[in-house]
Amino acid sequence: MADDARVICASSALQDGGKGVRFRMRDAGGEAPAFAVRFRGQVYAYINRCAHVPVELDWTDGDFFDYSKLYLICATHGAMYLPESGLCVQGPCPGKRLQSVPIEERDGQIFFLKEPHHV
Ligand code: FES
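What comes next concerns the included structure. (Residues numbered from 1 in each chain as written. Predicted model: local features only at pLDDT ≥ 70, side-chain atom pairs only at ≥ 80, totals over all residues. Heavy atoms only, no water.)

**Considering the overall build of the protein**
Next, step 1: Looking only at helices and strands, the protein features zero helices and 10 strands.
Next, step 2: Taken from the N to the C terminus, the helices and strands of the protein come in the order β-β-β-β-β-β-β-β-β-β.
Next, step 3: Against the compact-globule benchmark of 14 Å for 119 residues, the protein has a radius of gyration of 13 Å, which places it among compact chains.
Next, step 4: Dimensions of the protein along its principal axes, counting C-alpha atoms only, are 40 × 30 × 25 Å. (Helix = DSSP H or I, 4+ residues; strand = E, 2+ residues; numbered from the N terminus. Rg over C-alpha atoms; globule rule 2.2 N^0.38 Å.)

**Topic: the sheet that holds strand S1 (residues 6-10)**
The strands making up a sheet associate through hydrogen bonds between their backbones, and the pairing can be parallel or antiparallel.
Next, step 1: What the three strands build is an open sheet, ordered S1-S9-S8; its pairing is antiparallel. Two strands close off the open sheet at either side, each with one partner strand: S1 and strand S8 (103-106). Averaged over all neighbouring strand pairs, the angle between strand axes comes to 30°, with direction disregarded.
Next, step 2: Pairing analysis gives four bridges linking S8 to strand S9 (residues 109-112), with the strands arranged antiparallel. For Glu105, the partnering residue across the bridge sits in S9 and is Ile110. (Pairing = 2+ DSSP bridges. Axes fitted to C-alpha atoms, helices over the stretch in contact; angles between N-to-C directions.)

**Overview of the environment of Arg49**
Next, step 1: Its location among the elements puts Arg49 in the loop between strand S4 (42-47) and strand S5 (72-73).
Next, step 2: On a C-alpha basis, the gap between Arg49 and Phe35 in space is 9.8 Å, while along the polypeptide they are 14 residues apart.
Next, step 3: Discounting chain neighbours no more than four positions away, the residues touching Arg49 are Asp27, Ala32, Pro54, Val55, Leu98 and Gln99. (Contact = heavy atoms within 4.5 Å.)

Printed below as a string of structure tokens:
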């Protein structure tokens with residue numbers, strides 16, 4: 001684990017197909033919103049920015065999955081993304097991707113490998 005890793009949340013805060021945890025991070029363009037979700041046991045994190053129009057995905061804070069719990073969905077125009085890769089498979093921007101964020105789960109916690117803080 002990198003020395004500058006930071007805890008986002010406890011592992012128990014991310015249920016499979018459940019609510020995501022939002023956090024903020026710095027990317028090349030400055031501070032950016034991001035989120036983590038759990039899908040089929042694995043934790044994934046992405047910049048919270050739709051590949052269609054650069055808006056946040058969640059309808060209400062932390063609601064990223066569609067009703068089937070199989071896709072991440074953008075609340076604005078309904079783009080559907082694979083949780084495990086961020087690839088858009090349906091909606092206005094098929095073939096585009098969410099930007100993934102380096103994340104690690106260990107010792108019952110979820111770590112971001114740079115500098116997040118909660119929102
Ligand atoms: S802004 Fe996300 S689908 Fe259009």
